[in-house]
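Descriptive structure summary
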Number of protein chains: 2
Amino acid sequence: MLNIAMLPSPLDFSTSYLSTSTIVALCVFFGLLCSCIIVGHLLEENRWANESITALLLGLCSGVVVLLVTKFRSTKILIFSEDLFFLYLLPPIIFNAGFQDKKKQFFRNFITILLFGVLGTVISFCLISLGAFLLFTRIGITNLGIKDHLGETVFKSKSCISISLNIIIICPYSDLFVHITCEAIGAILSATDSVCTLQVLSQDETPLLYSIVFGEGVVNDATSIVLFNSVQTLNFSTMNAITALKLLGTFFYLFCTSTALGIIVGLLSAYIIKTLYFGRHSTDREVALMMLMAYLSYMIAELLNLSGILTIFFCGIVMSHYTWHNVTGSSRTTTKHAFATISFIAETFIFLYVGMDAFDVDKWKTSKASIGTSVAVSSTLIALVLIGRAAFVFSIANITNCTKTRESAKIEFRSQFIIWWAGLMRGAVTIALSYNQFSKSEIASTEDSALMITSTIILVLFSTVVFGSITKPLIEAVKLRQSKPAISDSTDNQEDLRLLFLESNCSINQTNHHESQSRRRSSLSLMIRHPTTTVHYFWRKFDDKFMRPVFGGRGFIPAVPGSPPAEEEIS
Amino acid sequence: MLNIAMLPSPLDFSTSYLSTSTIVALCVFFGLLCSCIIVGHLLEENRWANESITALLLGLCSGVVVLLVTKFRSTKILIFSEDLFFLYLLPPIIFNAGFQDKKKQFFRNFITILLFGVLGTVISFCLISLGAFLLFTRIGITNLGIKDHLGETVFKSKSCISISLNIIIICPYSDLFVHITCEAIGAILSATDSVCTLQVLSQDETPLLYSIVFGEGVVNDATSIVLFNSVQTLNFSTMNAITALKLLGTFFYLFCTSTALGIIVGLLSAYIIKTLYFGRHSTDREVALMMLMAYLSYMIAELLNLSGILTIFFCGIVMSHYTWHNVTGSSRTTTKHAFATISFIAETFIFLYVGMDAFDVDKWKTSKASIGTSVAVSSTLIALVLIGRAAFVFSIANITNCTKTRESAKIEFRSQFIIWWAGLMRGAVTIALSYNQFSKSEIASTEDSALMITSTIILVLFSTVVFGSITKPLIEAVKLRQSKPAISDSTDNQEDLRLLFLESNCSINQTNHHESQSRRRSSLSLMIRHPTTTVHYFWRKFDDKFMRPVFGGRGFIPAVPGSPPAEEEIS
C-alpha cells in the first residue's frame, strides 16, 4: 500500500477513464452497503432494529466522518438525483413487492386499499395543508409564496380546503402561480412511503396489515398523478360536483390503463416464454427477458404519463402468476432470489443515502432559523402527519367495517391502530419530492425553503428511527392477542370456498334445463353474500379454462426434463 | 391508446420527475434488448449468427429508423459515456467470466497468457503505430499532430519503434506533447476486446483457445495501464535497458497488487459468509454481499489506479472457488444464473449501442473525406490489425512450443490460427477509447479526428460482423479434425496427475529419515519435468490443508438442512 504513494501522481491520470470523485463515492457507498448487510445480519435478532434503521444510522455516522474529513465543507460525496431514485431504485422495489405479493390477500382487501389510497390521501393532504398554512402564518414564515399577490388572491377567494387543493396542485407546474407554498408540504407528506412499509411490516406475519398499508402506497401513486394532471385542464375557481366527478373519472381512467398495461406486459412475457420455450436453451435468457420486460413496463407507463408504480406492481403480480411457472426450475429459484436481492440492495441504498444526506451543511447554513424554530416546525409537521393519517385511517376503516357482515372480515381497532402507525414513516420519496419542490424555487426566499428542507430531513429521520423501531415491538404486543383471529380468518375463508364449491357443484350436478335458472340465481345471491369469495371463485374458473392454457401457469407447463424443481413455490 | 392523445399536453409535466428524452431512450433501449434476446434465441441454431451480431444489426436498423424519424438530425438517443461503460457494463462481464471460468485450464496456460498479454500487446502496438504513421503521411492526413513541431522533433530524433511507443504513451496525458497522433490508433487497436472474445469462443467447446484469448484480454488491461503510467516518470529520450526493466518491474508490481487485491476481497467474502453463516437467515443477504463485494473490489482497484479488470477477474475466480461453496443451494443457483444474466444483458447492451452509434450524423458530416478515403483508411487499419496480431501470435506460440517437451501441450498451427482470428474482433472498448482520444482534441483538426472516429466505427462494424460470423464455422471446421487431440489432452493431464500422485505417495510411504532427501529431490525433478502439474498438485495440498478449513470450499461446508442442492457444480 505504501508503494502506491510512490507511484507518480496516482490521481492525475485516472481522470482519463473515470473521474476520481465518482470512484471515491462509489467505493464509500458500496463499502457502506456491505457493512449494512453485515450489521443488519448481526442485529437480526434485535427487535428494535431493522435494516432501514441500521442503514440510516450508518449513513449518519459516515456523514459525520465525511464532514470531519472535509473540514465542514461538504457531505455530498454522491449527488442524489431524482432520476437515480425514480428510474433505477424504485422500480425494482415495487416490482419485487408485486412479484412476491400474496395475491389472494391483496385482492380480498382491494376495495379497502382503493379507499385508503384515494380518499385517504386526499383527506390527509387537505388536513396537512391547512395545518401548515395556519402554522406558517403564525410562525412568520411569509416568504413561502404567501406574500405573492396572485397566490394571495387565490388564497382569499376560496374556502380553505379547496384552496389548499388548488394551490398544491398548481404550484409544481404552472408558472402563473406561486412556485413554493406551504401547501406543497401537504402533498409531500400525505403520501405513504411504500418502501418504508416494506421495512416495518412483514408479509408473512401480518398479511392483512401489510397488504392494506403497502397497497395504499401503490395506489397512492396514481392519486397524486391524477391530482397533478387534472389541474392543467380543470378550472378550480368553478370547482363543483361535476369537476370532482371528472377528477374521479380521470383517476379511474389512469388506474385502469396503468393496471392494464402492467397486465398486458406481464401476459406478453408469459406468452413469449411459453411459446418459444426458452428453457430449451438458456436460463439466462428467461431471467433476462423477465427483468427487461418488467422494467420496460415501468418505462412505457412513465412515457405515457401513467402511474409506473401501479404498472410495474401489476406486472409483477401477473409474472409471478403466469410467467414464473413457464420457466425452468433454476430460473424460478434465480428470479425469486435475484429480484429480492436487487430490491433489498435498492432499499438499503435509499436509507443509506437519506442518512448521509442529513448533514447537508449548505442547507443548514442557508436556513438561518434558530434551533427552536426548526424543532418547532418539524414537530408541528410530525403532529400534522399523525393527525392527517389518523383522520382517514380510523374513519375509512369504520366505514368499510359497516359494509361487512362477518365479524372476522372487519378491521378491528388494534389493526386500525397498526395501519395508522405503520404508515407514518416517511422516507426517501419524501426527501426527493422536498428537494424537487424547494431547491428549485425562484420566487420564495432561499432561507425559508432551506428551512423546509431541513425540517423535512428532521421529520424523515425522526419518523424512520422512532416509528420504525417501535413498530416491530408494537405489532408483537398486539399480535399476541390477535394471533387467534388471524388464523380463524384464513380458515373462515377456506370454509367459505368449500361452501361455495359445494353449492356450485350441487347446481352443476342437477343438469336439468330448468334448474339452470336457479343456479344463476344462486350465484347471484352468493355474489351478494360473499362478493370477494365469489369473484375469486369465478376468476379461478376463468383462469383455469382460458388464461392458463394460453399463458401457462401452475400445473399447465410440463416439467422440463433434467431441470431441478424450484425450492419453494410463491403462493 | 387514442385517449392518451386527448389528455392535456402529456409530455409537458413529466419533466418534473424525469426528463422525457431519458425515458424515451430507455424505452427504446429496453425494447431493443428484449427483441435481441428473442431474435437471438430464434437464431440460436444458425451457425453464422451470434448474439453480438444480432444486437449490432438491430442497433444499426434502429439507428436508421431514428435517423429517418428525426429527419437526419441525430441518432443520439442515449449519450454513451465512458463512465457507463467502464463503471457499470464492463465489471459484471469480467466478473462473470472469472466466476464461470474453468480455473484449471486458465492456470495451466498461465505463462502463455502472460506472454500474449504483455509482449504480444507491445509488438502489435508498435506494428500498428508504425503502419499508421507510414500510411497517414502518404494519404495526406497531416493534421493529426504530425505537423506539431514538438511532436515532429520527437519523431525525427529516435528510431521508429521507440518513437511510436513514446508518442502513443505521451499523447493522452501530457499537455506538452501532441494530443492526437496517428500512433494513438495503435494503442486503441492493439488491445484485444475481451467482451468480443466471449461472444465467439465457447468455454466448453474450445477451453484452451478460450482461456488463452480471453486471458490475454484480461492481462492486456494491466499492460496498457503500465504503459500509460510509466511515461509520467520515465524519460524516453534516454530509453535504454534499465528503463525497459523498470517498465517490466512496474508491470509486475501492478499485476501482482491487482491480483492480490482481487484475491483478498474474494477471500474476505468467503470468510465473512462462512463465519457469520448468512444462510441461517437470508439467501438475499448472501447474494447481495457477493455482488457488492465483487463490485467493491473493482472500485477499490480503480481508486488505487490498479487494473480493475484484473482485480475483479481474480475476485470472481476466488469467489467461485471458496465463497460459492459456503452459501445455500438456492444462493448457489441464484448467483450462478444472476451473474450470467447480468453479464449477458451488459454484453447485448454494448453491441446494441455500437450498432446505434454507427450512424452518428455529426461525425460523418464533420469528416469531409470522400468515401474512397474512408474506405482506404479503414481497410488499411484492418490490415494493420491483422498483421499486428499475426506477428505476435505465431511467434510467441512457436516460442512457447519450443519450451514444451510433450507434444500434446504444444499449441498446434490450427489453434494458433484460431487464436489469431478470434482476437481480431474489435468492439465497444475500441469505440470508447477512440471517442476519448479523438473527440476531445484541441490541437488536431476536427475533420481528421472525425475521420479517425468514422474509420474506427467502420472497422468495428466490419470486424464484428465479418470476423464474428466466420469464427464459429471456422472453429467447427477446424475442430472436426481437432476433436481427438482435445480429448487426449485432458486425459493426458489426468494421467500426469495420477503419475504424480503415485510417485509422491511412494515417497510418503517410505518414511525413513534419510529418504526425505530423495523425496525432496524427486519433487524438484518433477517440478522441472512437469512444472504446471506439480504446481497444481502442491496447490491442492496447500488448499486442502490451510485454505479450505479457513475459507470454506467444496466439501468443507456441511450441507444446510432443508436447503436443496444446487443444480450443477461450477468446475
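Each value, and the rule that gives it
- Residues numbered from 1 in each chain as written.
- Chains lettered and ligands numbered in written order.
- Predicted model: local features only at pLDDT ≥ 70, side-chain atom pairs only at ≥ 80, totals over all residues.
- Heavy atoms only, no water.
- Helix = DSSP H or I, 4+ residues; strand = E, 2+ residues; numbered from the N terminus.
- Buried < 20%, exposed > 50% of the residue type's maximum accessible area, 1.4 Å probe, protein only.
- Contact = heavy atoms within 4.5 Å.
- Areas by Shrake-Rupley, 256 points an atom, 1.4 Å probe, with all protein chains shown as cover.
- Salt bridge = Lys/Arg side-chain N within 4 Å of Asp/Glu carboxyl O.
- Core = buried A, V, L, I, M, F, W, Y, C linked by side-chain atoms within 4.5 Å.
- Phe/Tyr/Trp six-rings, centres within 6.5 Å; stacked < 30°, edge-to-face > 60°.
- pLDDT = per-residue confidence, 0-100.
- Expected span 1.5 Å × (residues − 1).
- Bend = angle between axes of the 7 residues up to and from the residue.
- Patch = residues over 30% accessible without salt bridge, like charges linked within 9 Å, V, L, I, M, F, W, Y side chains within 5 Å.
- Axes fitted to C-alpha atoms, helices over the stretch in contact; angles between N-to-C directions.
- Parallel < 35°, antiparallel > 145°, perpendicular 65-115°, else oblique.
- Left-handed = near helix turned anticlockwise from the far one by under 90°.
- Nonpolar A, V, L, I, M, F, W, Y, C, P; charged D, E, K, R; others polar.

Glancing now at the overall build of chain A. Counting secondary structure elements, chain A contains 22 helices and 0 strands. Scored against the burial criterion, the 571 residues of chain A give a buried share of 57%. The contacts in chain A between residues at least 6 apart in sequence include a share of 82% that link residues at least 24 apart. For chain A, the computed accessible surface area is about 23,700 Å², with 66% contributed by carbon and sulfur atoms.

In this section: helix α18 (residues 413–422) of chain B. Taken across its 10 residues, α18 of chain B has 7 buried, putting it largely inside the fold. The complete set of buried residues in α18 of chain B reads S415, Q416, I418, I419, W420, W421 and A422 of chain B.

Considering all chains together, one arrives at 8 salt bridges over all chains under this definition. Linking R389 of chain B and E216 of chain B is a salt bridge whose minimum nitrogen-to-oxygen distance equals 3.0 Å. Separated by 173 residues along the polypeptide, R389 of chain B in helix α17 (residues 371–403) and E216 of chain B in helix α11 (residues 207–230) bring together distant segments of the chain. An identical accessibility class is assigned to R389 of chain B and E216 of chain B; each is buried. Across the pair R548 of chain B and D543 of chain B runs a salt bridge, and its minimum N-O distance is 2.9 Å. Grouping residues by exposure puts R548 of chain B and D543 of chain B together as buried. Several salt bridges share partner residues, and in doing so they unite D543, D544 and R548 of chain A into one network.

On to unusual backbone geometry. Residue and element names in this part refer to chain A. One non-glycine residue, N305, adopts positive backbone phi at about 60°. Inspection of the secondary structure assignment puts N305 in the loop between α13 (283–303) and α14 (308–326). Taking the relative accessible area as the measure of exposure, N305 reaches 7% and is therefore buried.

Turning next to the nonpolar core. The biggest cluster of nonpolar side chains holds 247 residues, and the ones touching the most others in it are F85 and L201 of chain A together with F85 and L201 of chain B. Aside from chain neighbours lying at most four places away, what touches L201 of chain A is T206, L209, Y210, V213, I418, A422 and I475 of chain A.

Before going further, it helps to spend a moment on the packing of aromatic side chains. As enumerated under the stated definition, the model contains 56 aromatic pairs over all chains in all. Here the aromatic rings of F110 of chain A and F255 of chain A are separated by 6.1 Å at their centres, their planes lie at 55°, and the arrangement is tilted. Here F110 of chain A is found in helix α6 (residues 110–139), whereas its partner F255 of chain A is found in helix α12 (residues 241–276), with 145 residues between them in sequence. By relative accessible area, F110 of chain A is classed as buried at 19%. Here Y271 of chain B and F551 of chain B contribute two aromatic rings whose centre-to-centre distance is 6.2 Å and whose plane-to-plane angle is 70°, an arrangement assigned as edge-to-face.

Residue and element names in this part refer to chain A. When pLDDT is averaged along chain A, the result is 71, and 64% of the positions lie at 70 or above. When pLDDT is averaged over each element of chain A, α13 comes out on top at 91 and helix α1 (residues 2–6) at the bottom at 29. Segment residues 480–493: pLDDT under 50, and 10 contacts once partners within four positions in sequence are set aside and those in other chains are kept. Taken together, the stretch residues 560–571 has pLDDT below 50 and engages in 30 contacts with residues farther than four places along the chain or on a different chain. Two numbers describe this predicted complex: its pTM, 0.79, and its ipTM, 0.77.

With that settled, the discussion passes to the side chain of S378 of chain A. For S378 of chain A, the location among the structural elements is in helix α17 (residues 371–403). Taking relative accessible area as the criterion, S378 of chain A reaches 2% and is therefore assigned buried.

The subject of this paragraph is helix α14 (residues 308–326) of chain B. Two residues of an α-helix separated by three or four positions point the same way, owing to the 3.6 residues in each turn. Residues and elements named next belong to chain B. Relative to the 27 Å expected for 19 residues at 1.5 Å per residue, α14 spans 25 Å between its end C-alpha atoms, a close match to the ideal helical length. Within α14, the axis deviates most sharply at M319, by approximately 45°. Within α14, 19 of the 19 residues are buried, which leaves it mostly tucked inside the rest of the structure.

This next bit is on a nonpolar patch on the surface. A cluster of nonpolar side chains, L245, L248 and F252 of chain A, forms an exposed patch at the surface whose accessible area comes to about 290 Å². Positionally, L248 of chain A belongs in helix α12.

Residues and elements named next belong to chain A. Where α12 contacts α13, the axes come no closer than 10 Å and their chain directions differ by 160°. Taken together, the axes of α12 and α13 are roughly antiparallel relative to one another. In this structure, the crossing between α12 and α13 has a hand that is right-handed. Across the interface between the two elements, L261, V265, L268, S269, I272 and I273 from α12 touch E286, L289, M290, M293, S297, I300 and A301 from α13. Split into classes, the residues belonging to the contact of α12 with α13 amount to 10 nonpolar, 2 polar and 1 charged.

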